[in-house]
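Here's the letter readout for the chains.
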Amino acid sequence: MRTQCPYCSVQCSMDLIEEKIITRKRFKTKPNKQDPTSEGRLCIKGVNAHQHVVSNERVTHPLLKIDGEFVKIPWELALEYIAEQLKAIQTEDGLDAVSVYGGGSLTNEEAYLLGKFARVAVKTKHIDYNGRFCMSAAAAAANKAFGIDRGLTNSLHEIPDAKCIILAGTNIADCQPTILPYFRKAKKNGAFIIVIDPRETATSRIADLHLQVKPGMDAHITNGMLKVLFEGGYFDKTFIHDRTTGFDALSNDLQSLQLSELADLAGVSVDQIELAARKYGEAETGFIFTARGVEQHANGYENVRQFINLALATGKIGRYASGYGAITGQGNGQGGREHGQKADQLPGYRSIENQEHRNYIADIWGVPEEDLPRKGVSAYEMMEAIDREEITSMIVMASNPVVSNPNSIFVEKALEKLRFLVVIDMFVSETAEMADIILPASSYLEDEGTMTNLEGRVTLRRAGRVKPNGVKHDWEILCELAAALGKGEYFPFTSSEEIFEELRLASKGGLADYAGITYSRLEEEEVFWPCPDMSHPGTPRLFETTFYHDDGKAKFYPLQKPRNPEETSQEYPLMLTTGRWMEHYLTGVQTRRSPDLLKRSKEPLLEIHPDTAAKYGIEDGSIFQLKSSRGTMVIRCKYANGIRRDTVFAPFHWGNSQSINRVTSPALDPVCKMPEFKVSSVNVAPLIEKKLVHHGQGQGGLQDEGMD
Ligand SMILES: Nc1nc2c(c(=O)[nH]1)N[C@H]1C(S)=C(S)[C@@H](COP(=O)(O)OP(=O)(O)OC[C@H]3O[C@@H](n4cnc5c(=O)[nH]c(N)nc54)[C@H](O)[C@@H]3O)O[C@H]1N2
Ligand SMILES: Nc1nc2c(c(=O)[nH]1)N[C@H]1C(S)=C(S)[C@@H](COP(=O)(O)OP(=O)(O)OC[C@H]3O[C@@H](n4cnc5c(=O)[nH]c(N)nc54)[C@H](O)[C@@H]3O)O[C@H]1N2
Ligand code: SF4
Ligand SMILES: [Mo]
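Residues numbered from 1 in each chain as written. Chains lettered and ligands numbered in written order. Predicted model: local features only at pLDDT ≥ 70, side-chain atom pairs only at ≥ 80, totals over all residues. Heavy atoms only, no water.

As annotated in an unreviewed UniProt entry, the protein is Nitrate reductase from Evansella alkalicola. Under the UniProt heading Cofactor (unreviewed entry), the note attached to the protein is "Mo-bis(molybdopterin guanine dinucleotide)". (UniProt positions renumbered as here; feature names shortened; annotations may be inferred.)

**Describing the pairing of strand β9 (residues 192-196)**
Most of β9 is tucked away, with five of its five residues classed as buried. Going residue by residue along β9, you find Phe192, Ile194 and Ile196 tucked away on one face and Ile193 and Val195 tucked away on the opposite face as well. Here five bridges tie strand β8 (residues 164-168) to β9, and the two strands are oriented parallel to one another. Across the sheet, leucine 167 pairs through a bridge with valine 195, a residue of β9. Here β9 pairs with strand β10 (residues 209-211) via three bridges, running parallel. Paired with valine 195 across the strands is histidine 210, a residue of β10. (Buried < 20%, exposed > 50% of the residue type's maximum accessible area, 1.4 Å probe, protein only. Helix = DSSP H or I, 4+ residues; strand = E, 2+ residues; numbered from the N terminus. Pairing = 2+ DSSP bridges.)

**Focus: the layout of surface pockets**
Taken as a whole, the largest pocket spans an internal volume of roughly 880 Å³. Taken together, 33 residues line the largest pocket, and the ones lying closest to its centre are Asn143, Lys144, Asp344, Tyr349 and Ser351. Of all the elements in the fold, those that place two or more residues in the lining of the largest pocket are α5 (136-146) and β15 (350-351). When residues of the lining of the largest pocket are assigned to their parent elements, the largest contribution, five residues, is made by α5. Estimates place the volume of the second largest pocket at around 410 Å³. Lining the second largest pocket are 21 residues, with Arg2, Gln4, Leu460, Leu522 and Glu526 sitting closest to its centre. Counting only elements with at least two residues in the lining of the second largest pocket, the list comes to β1 (2-4), β20 (457-461) and α21 (519-524). Residues that form the lining of the second largest pocket fall into these classes: four nonpolar, nine polar and eight charged. (1 Å grid on protein atoms, 1.4 Å probe; cavity = no way out; pocket = protein on both sides within 12 Å on 5 of 7 lines; lining within 4 Å. Points joined across faces, edges and corners; volume = space filled by probe spheres on them. Nonpolar A, V, L, I, M, F, W, Y, C, P; charged D, E, K, R; others polar.)

**Overview of the UniProt feature "domain: 4Fe-4S Mo/W bis-MGD-type" (unreviewed entry) in the protein**
UniProt's feature table lists "domain: 4Fe-4S Mo/W bis-MGD-type" (unreviewed entry) at residues 1-57, given in the numbering used throughout. A distance of 23 Å separates the end C-alpha atoms of residues 1-57, which is 14% helix and 35% strand.

This is the structure:
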């Protein structure tokens, strides 16, 4: 079967061969050599992606919690029961007491339908999704700077011809491994590669210059670079004049900056800032890429705006081999943020507070405009509203918020207060364990639909495998739940293609315009949005002639000092930053159920510099408690020579006592509500009990052989 990896935003396609030898099943994976993005490569996660699908831990029945135990119940009863509960709660607590929480692994069709489901079937304003923790800073920055938000402005194929590449807070070698060769090619062609990251990573190893920034202090580097570019005459005055606004306010402030002060604050040297600026300024072509390292901060929005300033000031955007990109994260991190799962958004990147937009979508949906709710609050703010008992019910589809939210001890306590929690998932995730009812969803191998990759390229993933008995597709579940709520007429869909046809109409004329894309077109070619009609070729390169603001110009952002992240103190002297490892995906619900991936990486490890470890008397490989003012988690440490001495790093791929979010800070960016996952002040303390006890869930015991 031809399929696409369910994990990251590259969306590598592959052929999966399923062999049956007597009763045993074997799987082989072959990359698709014709894949225009991965060029026939797969990473270790892609090779093993089918393993969770055939895990014997898949949920294959609706499960209702009775006296603390899950009991299998038939679908009809499950749907009826949910509808009854939701209606009762809304009668007593109000329409907005029910909330919906989505995810970036959903197909475009399902993300679209989830938004419609919340607004039309449940009639709540409270819907948001895990992309709030992922794409929101870059999305807000791109919208404000360019008037549109699409991950990369150019196709990956242009990277090898760029002469300078800045990789800021993006660890491509571990997180989008199959696109690393584009960067290697650029290097071979003479590009100067700059990595900005507090740690040495597999990505920083390809860099010509590695700026080991102090977590949260990127903007001091960009400000310093801007000053050097200005003074060195590297600004593109024609581009600035013709294509941008807001430059004067910015340039006036540059004079007052002191490079030495900025370098000190950023934890790098003046020489490094100067070299980075000169190399980027001199290069005829260049790219800047950011990811969660600069975005997941309480000033993530400003951070991204300041990186965009560099591209605008030097005119390195809107042309071949020059541009900016926020490397998107989840499989459908891009499409999932365009069609209405966001609290303030309607399909096609329309705004729920814009009268014209409301009229247009109400018309497509066949509901009175006044019936459409207004905007709700962001993902973490929903947890706060649950804690205040303003929201008393939640439907979670394709996310594991109890592990992925910051300050997760608080979040877990809040979720316990819910009157009714529904989780739609393939597994009993840590969040599903808390649910009153779990509905089993199909997996990527079984469910078809479109996905939009990091380049803005829309791909069609066909279903290769029949879903297990008792399991439904997410879109089917939404249609059936809507029917149970008495709104079936608005959800008459019998295939994902029918939903896509409505999405095309709903997105038409919006910023994320998919009107010119159809399933049959996607069978022939992958299309980059915006694509307003069938004769339009799609838009691989953005901004060649215009930006998307009314005046057609891009906007500079005034100089901004980075807000100091949570300060370290005597009690919490170290800075914790968090992120990913190659072998696991997000909260690990899927990859911890893939035996080959779990074998490679069994538990989280805290990366700590040996000098720092020595200071606190920590032996390599020992287990201890990591503490912050929010709580404690348990983790083994691993010496890492390549990390800053004031910083420790851990992945967030594990739950329960090993969940790093038990200690992370809930500070939110005021503009986009991105949490500060990348800086929390912590300390390390010895454990009394040294033996690590694994929780049963998702810690192995799975199989991809011998299944019927
Ligand atoms: N293997 C794997 N791949 C994945 C995922 C996964 O879970 N596992 N998840 C996918 C998803 S959803 C996403 S969003 C992407 C994320 O992709 P990335 O953003 O590349 O991944 P992270 O590891 O979160 O962070 C990147 C780097 O930022 C650095 N960093 C931390 N603090 C700072 C800082 O203050 N400034 C700077 N400049 N850098 C900092 C970290 O050391 C880290 O190396 O990956 C996608 N791909
Ligand atoms: N400390 C820290 N925390 C972070 C981050 C960080 O860097 N540091 N990064 C943040 C980022 S960028 C992200 S994207 C979030 C991700 O956070 P989550 O969304 O919580 O992560 P996942 O593990 O992808 O959870 C997805 C759940 O949906 C299920 N699932 C997968 N596919 C489907 C499907 O098609 N349908 C249904 N119904 N279920 C499905 C999986 O089994 C799993 O239980 O975490 C954020 N949290
Ligand atoms: S995880 Fe990403 S890079 Fe790896 S195979 Fe899957 S889509 Fe490709
Ligand atoms: Mo993400």
